[in-house]
Amino acid sequence: MVSRLRAFRVEINGALYNVSMDQMGKDKFRAQVGEAFFEMEAVSTGAITTWLVRHADETVRGETMALPNDRVDVWLAGIPFPATVQTIGTGGYSVPPEEHRQRSIGGQVRALMPGRITSVLVKKDELVKAGTPLLILEAMKMQNEIGSPIAGKVKSISVREGATVKKDSVLITIE
Amino acid sequence: MKLLIANRGEIALRIIRTCRKLGVRTVLVYSEADRESLPLRYADERYPLPGSTPSETYLNIPKLVKAAKDTNCDAVHPGYGFLSEELDFVKACEENGLAFIGPSSTALEKLGNKLQARTTMKDCGVPVIPGSDSALADEHEAAEIAERIGYPVILKAVYGGGGRGMRIADEADEVRRFFRITTLESASAFGRKEIYIEKRLESPRHVEIQAIADRHGKVVSLGERECSIQRRHQKLLEEAPSVALDADQRDKLNDAAVKGLSAAGYTNAGTVEFLLEKTGRFYFLEVNKRLQVEHLVSELTTRIDLVEEQLKVVQNESLELSQNEIRVNGWAINCRINAEDPRANFVPSPGTVIRYHPPTGPGVRIDSALYSGCNVPEYYDSLIAKLATWGVNRSDAIQRMKIALDETEIIGVPTTIPLHRELMRDETFVRGNFDTTYLNEFLPRLDEKILEYEKYAAVVAAAGKAKAPSTRNGEATTKPSRWRTMARTQLMSNSNRGG
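In this text, all values refer to a predicted model and were calculated from it rather than measured experimentally.

**Digging into the overall build of chain A**
Secondary structure summary: chain A contains 0 helices and 16 strands in total. Buried residues in chain A amount to 30% of all 175 residues.

Here it is as structure tokens:
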């Protein structure tokens, strides 16, 4: 089979990876990220495709589910890595662009999980340091202290004690 | 006997399995969030409890007693967590003629809470950790006692259990701050807000003795479990036996446990927990007055069905087991698979499991109520599966665990599988040279590993995209079935030959 070289830009959790990929067979691929090489084989296909990924002397299993709008849900060793994948061209290997990872940091404190706010520990306009406990979110019997991601001033508090919150809802904004 | 199971998830299923073996009829209560749960399929009867929060359902004593009476049950198994060690529940059962599978209310009172248990043990000569002898009045008293016994200290829920409701404080400020959180957590998790304080030992191991006691004064130890792999006092991995004990220490711990439980007039399955210092000195930690999450490792090494023994004890039978016949055979390891995200500080991660494939094979046991498409509710404990392996020795059990973890597929909710996967490859763990502080040391390495996984995820994402069937208007076009293609090819070649 004639190999097909393609390049992708993959975004996961705010980090960007430039992937060059070479299709070695119907279900086999070889990929490069930075200096690292990976071999992949699809061992089960369907709505969810199961992959064996080899890198150095290690093999890890992964699953993918392709979604509309360039989105691909990926699980590695069961950890979800929701990804956005853009095809940026076909062609030979170029020098792999420097892989860069950027994490977005904002002042919006969101609920990492659904639960109930058992305690709000700060007031509006209060000055906080990074790590200052802002509130306590109860989920699955655990009281989770949620700290400020940055130093700043409490701009707004969007929840009250006793409130039930959904995953990802904004709880507090720091600026 | 007809048994009401006042619990849910994997432990409800675990209990039902033994009941089915013995021909004991079961009634399983279930909350609205659990109306599709797996154990409901295997119980003889189902009894709905309106609502989903624990206090409306599995913590609701009047509703549970009514359920037992409505269904003509004569016994109640509380499982672990929820009401398993709740005196009011035991009393309610006793008053309503229901046999509670656990200790009597009298024995429970003697060991009833962590403070009373300290006193009971102290009185029969078992060493206890320095700390407060009564519940703390407020944060000032907490700080005062902390100053006296020396830092670091642990704030603990008097009525707590299962590793919940505990915080470590290194200084007075922290004691005051954690006083509030621990009190809240305790009130919410155990319905009682009292907390107390104990000195935190330097890097101890956590070793516990599994015992079972009948109503005729016989207490038998099934040997120890090593439970030092903990994160924030939450056990994540247990094994039996422990690499840390020599024959002499093993005897001492077994004796202390049996002596303590006898003194309390304890009946049914129970566990006496100890902290073991590097010097070999041990201290009583607490008694778990229930069937524990990790009981399965003792079952694997002793070949005893603990739930079966529990049911015999509650029917007033004498234990047929005798101490000198108990043999610990080989090695067993249990990995707790929790719906928790190892990338995000292990936050609970409820949600839908879109695919579940359990491992099997020689020496593999998985206790779980998962199935493909099931929901992991946000209301309850995050434990979703217990994966245990048995081997002729420790390294055999570890090898089997590696494979079993690799075969386990749980897609949809993040779990603690990556942690166990890396632990099985960790030199220190494999050597057995760890204590209760080890996981903290190990976790940064796990973070690095997970960051590495992200790179794997990136290439798999690209491959997933490259392999995805072409899409039109965002919808995948149907793929031709390979079976159908094969069948057609065969049909054509057959008809060719025929023609």
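Now that the structure has been shown, the text picks up again.
**Examining the overall build of chain B**
Check the secondary structure of chain B and you find 15 helices and 24 strands. Here chain B has a C-alpha radius of gyration of 25 Å; the compact-globule value for 499 residues is 23 Å, and the two agree. Principal axes of the C-alpha set define a box for chain B whose edges measure 95 × 55 × 45 Å. Sequence-distant contacts in chain B: of pairs separated by 6 or more residues, those separated by 24 or more amount to 66%.

**Some words on the domain arrangement of chain A**
What the domain assignment reports for chain A is domain 1 (4-90) and domain 2 (108-174). The centre of domain 1 of chain A, based on its C-alpha atoms, is set 35 Å off from the matching centre of domain 2 of chain A.

**Digging into the confidence of the model for chain A**
Residue and element names in this part refer to chain A. The predicted model of chain A averages 83 in pLDDT, with 87% of residues at 70 or higher. The secondary-structure element of chain A with the lowest mean pLDDT is strand 13 (residues 142-147), recorded at 76, while strand 5 (residues 49-55) shows the highest, at 95. Here residues 91-105 is a poorly scored stretch, pLDDT under 50, and it has 23 contacts once near neighbours within four places are set aside; other chains count.

**Description of the pairing of strand 14 (residues 152-157) of chain A**
Residue and element names in this part refer to chain A. Across 2 bridges, strand 11 (residues 127-128) lies against strand 14 in antiparallel orientation. Opposite leucine 127, over in strand 14, you have lysine 153 as the bridge partner. Relative to strand 16 (residues 170-174), strand 14 runs antiparallel, the two being bridged by 3 bridges. Residue pairing across strands places isoleucine 157 opposite isoleucine 172, the latter belonging to strand 16.

**Remarks on the interface of chain B and chain A**
Listed as interface residues are 44 residues of chain B and, on the opposing side, 54 residues of chain A. Going through the elements one at a time, helix 7 (172-190), strand 16 (347-348), strand 22 (409-411), helix 12 (417-423) and helix 14 (438-467) of chain B are the ones with two or more residues in the side of chain B that touches chain A. The leading source of residues in the side of chain B that touches chain A is helix 14 of chain B, at 16 residues. For the side of chain B that touches chain A, the per-class residue count stands at 26 nonpolar, 7 polar and 11 charged.

**Notes on unusual backbone geometry**
Of note, the amide linkage connecting tyrosine 151 of chain B to proline 152 of chain B takes the cis form, showing an omega dihedral of -10°. Within the fold, proline 152 of chain B resides in the loop between helix 6 (139-149) and strand 6 (153-157). With an omega dihedral of -5°, the bond running from alanine 240 of chain B to proline 241 of chain B counts as a cis peptide bond. Within the element layout of this structure, proline 241 of chain B appears in the loop between strand 11 (234-240) and helix 8 (247-263). Located in the positive-phi region is alanine 77 of chain A, a residue other than glycine, with phi close to 50°. With 24 C-beta atoms packed within 10 Å, alanine 77 of chain A lands in the buried category. One non-glycine residue, asparagine 316 of chain B, lies in the positive phi region at around 70°. For asparagine 316 of chain B, the location among the structural elements is in the loop between helix 10 (306-314) and strand 14 (331-338). Look at asparagine 316 of chain B and you get exposed, because 10 C-beta atoms sit within 10 Å.

**Some thoughts on the domain arrangement of chain B**
Where interface size is quoted, it is often the accessible area lost as the parts come together. For chain B, the assigned domains read domain 1 (2-101), domain 2 (130-199) and domain 3 (205-438). The C-alpha-based centres of domain 2 of chain B and domain 3 of chain B are spaced at 26 Å.

**Some details on the environment of aspartate 70 of chain B**
With respect to the helices and strands, aspartate 70 of chain B occurs in helix 2 (residues 61-70). Put simply, aspartate 70 of chain B and glycine 102 of chain B are 32 residues apart on the chain and 22 Å apart in space, counted from C-alpha to C-alpha.

**Points about the environment of leucine 67 of chain A**
Residues and elements named next belong to chain A. Relative to the helices and strands, leucine 67 is located in the loop between strand 6 (58-66) and strand 7 (71-76). C-beta crowding within 10 Å serves as the criterion here: with 17 such atoms nearby, leucine 67 is assigned to the partly exposed category. Between the C-alpha atom of leucine 67 and that of alanine 47, which follows or precedes it by 20 residues, the distance is 9.9 Å. Filtering out sequence-adjacent residues up to four positions away, leucine 67 remains in contact with Val72 and Asp73.

**Remarks on the nonpolar core**
In this structure, Ala211, Ala457, Ala458, Val459, Val460 and Ala462 of chain B are the most contacted members of the largest nonpolar core, which totals 145 residues. The greatest single-element share of this core, amounting to 11 residues, is contributed by helix 14 of chain B. Not counting residues up to four positions away in its chain, the partners in contact with alanine 462 of chain B are Phe8, Val10, Val19, Met21, Ala31 and Val85 of chain A.

**Comments concerning the sheet that holds strand 10 (residues 115-120) of chain A**
All names here are of chain A. The strand order across the open sheet built from 4 strands is 13-12-10-15, with neighbouring strands paired in antiparallel fashion. The open sheet has two free edges, formed respectively by strand 13 and strand 15 (164-165), since each of these has just one partner strand. Taken together, the 6 bridges between strand 12 (residues 133-139) and strand 13 define a ladder with antiparallel strand orientation. When the sheet's bridge partners are listed, leucine 137 is paired in strand 13 with asparagine 144.

**Thoughts on the sheet that holds strand 14 of chain A**
Ordered by their spatial adjacency, 4 strands build an open sheet running 9-16-14-11 (chain A), and the pairing between neighbours is antiparallel. Across the chains shown, the open sheet's two edge strands, defined by having one partner strand only, are strand 9 (108-110) and strand 11 of chain A.

**Focus: the confidence of the model for chain B**
Residues and elements named next belong to chain B. Mean pLDDT for chain B: 92, with 93% of residues reaching 70 or above. Note that pLDDT drops below 50 for residues 471-477; the model gives that stretch 8 contacts with residues more than four away or on any other chain. Between residues 495-499, whose pLDDT stays under 50, and residues either more than four places distant or in other chains, the model counts 0 contacts.

**Comments concerning the packing of helix 6 of chain B against helix 7 of chain B**
Residues and elements named next belong to chain B. Packing of helix 6 against helix 7 leaves a shortest axis separation of 9 Å and a crossing angle of 140°. As judged from the angle between their axes, helix 6 and helix 7 are oblique. Along this stretch, helix 6 crosses helix 7, giving a crossing that reads as right-handed. Contacts between helix 6 and helix 7 involve Glu139, Ala142, Ala143, Ala146 and Glu147 from the former and Ala172, Val175, Arg176 and Phe179 from the latter. For the contact of helix 6 with helix 7, the class distribution of residues is 6 nonpolar, no polar and 3 charged.

Parameters and conventions
- Residues numbered from 1 in each chain as written.
- Chains lettered and ligands numbered in written order.
- Predicted model: local features only at pLDDT ≥ 70, side-chain atom pairs only at ≥ 80, totals over all residues.
- Helix = DSSP H or I, 4+ residues; strand = E, 2+ residues; numbered from the N terminus.
- Buried ≥ 20, exposed ≤ 12 C-beta atoms within 10 Å, placed from the backbone.
- Rg over C-alpha atoms; globule rule 2.2 N^0.38 Å.
- Contact = placed C-beta atoms within 7 Å.
- Domains from an automatic or database assignment.
- pLDDT = per-residue confidence, 0-100.
- Pairing = 2+ DSSP bridges.
- Nonpolar A, V, L, I, M, F, W, Y, C, P; charged D, E, K, R; others polar.
- Core = buried A, V, L, I, M, F, W, Y, C linked by C-beta atoms within 7 Å.
- Axes fitted to C-alpha atoms, helices over the stretch in contact; angles between N-to-C directions.
- Parallel < 35°, antiparallel > 145°, perpendicular 65-115°, else oblique.
- Left-handed = near helix turned anticlockwise from the far one by under 90°.

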